[in-house]
Amino acid sequence: MNDFRGIVDGILSGDSLIIRFLPPCKVPIQIISLEYLVAPKFGLPDGKIKDEPYGYDSWNFLRKLCIGKRVLVSSSFKNTDNKRFHPSFGHLPISFTTVRLFDEEQNNPDVGILATKSGWVKLRPHMNISNSNTYLNTLRSEEEAAKNSKIGIWSDKEGFVRDLPVDFTDEDIF
């Protein structure tokens, strides 16, 4: 199968990207969650959902790595019926698959592997997938290396958590 091409327009968390696809992808904008991975979640400004430790750091890592970049997205989506609302894009479908940065000089590095290697994501719990899955084995190996190196979410430091809700008014921003 051929990969779909797109541009990263937004980051929802350290494991979820908003991608604007180029044809022939049938859905022009959607959320792609990195297959097999989960990141600490970023809370909401109103405080109804609190930050998880390292949620900001994980989000910021993916933002710096991907925002505005061209990507190659595996066409073997694991589609869901779920949608998520984003104030700028409205209700977007969520799919699970792999994403690679379009970078000919570095052989199109895999975003999930980079995030795992940097310690900002971990394998989803209860991953009962065959040991013959080379991609999953690579993720397991990178996660173990990050744990041993005590980097990212595996560090001994306390993860940053914002004080929510954010106390501001529209007038303060203007």
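Source: prediction; values computed, not measured.

> Any details on the overall build of the protein chain? Residues and values, ideally.
From N to C terminus, the protein chain includes four helices and nine strands. Across the protein chain, helices and strands are ordered from the amino to the carboxyl terminus as β-β-β-β-α-β-β-β-β-α-β-α-α. Here the C-alpha radius of gyration of the protein chain, 17 Å, is about what a compact globule of 174 residues would show, namely 16 Å. Expressed as lengths along the three principal axes of its C-alpha atoms, the size of the protein chain is roughly 50 × 40 × 35 Å. Looking at the protein chain as a whole, 44% of its 174 residues qualify as buried.

> Quick rundown of the environment of Ser-75? Include the residues and the values.
Inspection of the secondary structure assignment puts Ser-75 in the loop between β5 (70-73) and β6 (78-86). Note: C-alpha distance between Ser-75 and Arg-5 (70 residues apart in sequence) is 9.5 Å. Separated by 2.7 Å, the side chain of Ser-75 and the backbone oxygen of Asn-2 make a polar contact.

> Which residues make up the pairing of strand β7 (residues 90-97), and what values go with them?
Here β7 lies mainly inside the structure; six of its eight residues are buried. Judged from the four bridges that link them, strand β3 (residues 29-34) and β7 form a sheet pairing that is parallel. Considered in β7, the bridge of Ile-32 is made with Ser-95. With antiparallel pairing between neighbouring strands as the criterion, β6 and β7 make up a hairpin whose turn holds three residues.

> Residues and numbers for the environment of Leu-136, please.
If you trace the backbone, Leu-136 turns up in helix α3 (residues 134-149). Accessibility expressed as a relative area gives 0% for Leu-136, which makes it buried. Sequence separation between Leu-136 and Ile-113 is 23 residues; the distance between their C-alpha atoms is 9.6 Å.

> Explain the side chain of Glu-35 to me, using residue names and the numbers behind them.
Examined against the element boundaries, Glu-35 turns out to sit in the loop between β3 and β4 (37-38). On the basis of relative accessible area, Glu-35 is assigned to the buried category, the value being 9%. Not counting the four nearest positions on each side in its chain, Glu-35 is found in contact with Lys-78, Thr-97, Thr-98, Tyr-135 and Leu-139.

> Lay out the environment of Lys-64 in plain terms, naming residues and giving numbers.
Tracing the chain through its elements places Lys-64 in helix α1 (residues 55-66). Residue Lys-64 is classed as exposed on the basis of its relative accessible area of 58%. Residues Lys-64 and Ala-145 lie 81 residues apart in sequence; the distance between their C-alpha atoms is 22 Å.

Conventions we followed
- Residues numbered from 1 in each chain as written.
- Predicted model: local features only at pLDDT ≥ 70, side-chain atom pairs only at ≥ 80, totals over all residues.
- Heavy atoms only, no water.
- Helix = DSSP H or I, 4+ residues; strand = E, 2+ residues; numbered from the N terminus.
- Rg over C-alpha atoms; globule rule 2.2 N^0.38 Å.
- Buried < 20%, exposed > 50% of the residue type's maximum accessible area, 1.4 Å probe, protein only.
- Polar contact = N/O pair within 3.5 Å; in protein donor to acceptor, adjacent residues only side chain to side chain.
- Pairing = 2+ DSSP bridges.
- Contact = heavy atoms within 4.5 Å.

All we've got here are geometric facts, nothing functional implied.
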